[in-house]
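# Structural overview for review
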Amino acid sequence: MKKIIKLENLDCASCASKMENAIKKIEGVDNVSVNFMMQKMKLEINEANYDTIMMEIKKVCKKIEPDCTILDK
């Protein structure tokens, strides 16, 4: 499943890179790209475990960039 997710308050390109690297390690994530300038995340994930994967992505992102909000759904 491919999905584009809007991000809010992503403050720097370094944080975007750290988020991308951490998300790539999550089981069920096939591909991810975090674009700081566009404030968007492109995901390819396993659709069957979508909710579980998104919870894990949100948790990882909050650790790296506490002010960033993932606008999913």
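The structure this text deals with has already been given above.
All of the points below concern the structure found in this document. (Residues numbered from 1 in each chain as written. Predicted model: local features only at pLDDT ≥ 70, side-chain atom pairs only at ≥ 80, totals over all residues. Heavy atoms only, no water.)

To continue, consider the packing of helix H1 (residues 13-24) against helix H2 (residues 50-64). Contact geometry for H1 and H2: axes closest at 10 Å, N-to-C directions at 145 degrees. Taken as a pair, H1 and H2 cross one another with a handedness that is right-handed. On H2, the residues that touch Cys15, Lys18, Met19, Ala22 and Ile23 of H1 are Ile57, Val60, Cys61 and Ile64. In the contact of H1 with H2, the residues fall into eight nonpolar, no polar and one charged. (Axes fitted to C-alpha atoms, helices over the stretch in contact; angles between N-to-C directions. Helix = DSSP H or I, 4+ residues; strand = E, 2+ residues; numbered from the N terminus. Left-handed = near helix turned anticlockwise from the far one by under 90°. Contact = heavy atoms within 4.5 Å. Nonpolar A, V, L, I, M, F, W, Y, C, P; charged D, E, K, R; others polar.)

Turning to the sheet that holds strand E3 (residues 40-45), a few remarks are in order. The antiparallel open sheet is built from four strands, whose spatial order is E2-E3-E1-E4. Pairing within the sheet leaves two strands with one partner each, and these edge strands are strand E2 (29-35) and strand E4 (69-71). Between one strand axis and the next, the sheet turns by 25 degrees as a mean value, whatever way the strands run. The sheet contact formed by strand E1 (residues 2-8) and E3 spans five bridges and is antiparallel. Across the sheet, residue Lys3 finds its bridge partner in E3, namely Leu43. The strands touched by H2 within the sheet are E1, E2, E3 and E4, with E3 carrying the most contacts at an inclination of about 140 degrees. (Pairing = 2+ DSSP bridges.)

What follows concerns the pattern of salt bridges. For side chains bearing opposite charge, pairing can occur when the charged atoms are close. Per the counting criterion, the structure on display carries two salt bridges. Glu20 serves as the salt-bridge partner of Lys24, at 3.6 Å between the closest nitrogen and oxygen. You can see Lys24 and its partner Glu20 sitting in helix H1, four residues apart, about one turn around the helix. Overall, the relative accessible area of 18% leaves Glu20 in the buried class. A salt bridge links Glu56 to Lys59; its shortest N-O distance comes to 3.7 Å. Of this pair, Glu56 and Lys59 both sit in helix H2, three residues apart, roughly one helical turn. Of the residues examined, Glu56 reaches a relative accessible area of 33% and is grouped as partly exposed. Note on Lys59: relative accessible area 46%, which makes it partly exposed. (Salt bridge = Lys/Arg side-chain N within 4 Å of Asp/Glu carboxyl O. Buried < 20%, exposed > 50% of the residue type's maximum accessible area, 1.4 Å probe, protein only.)

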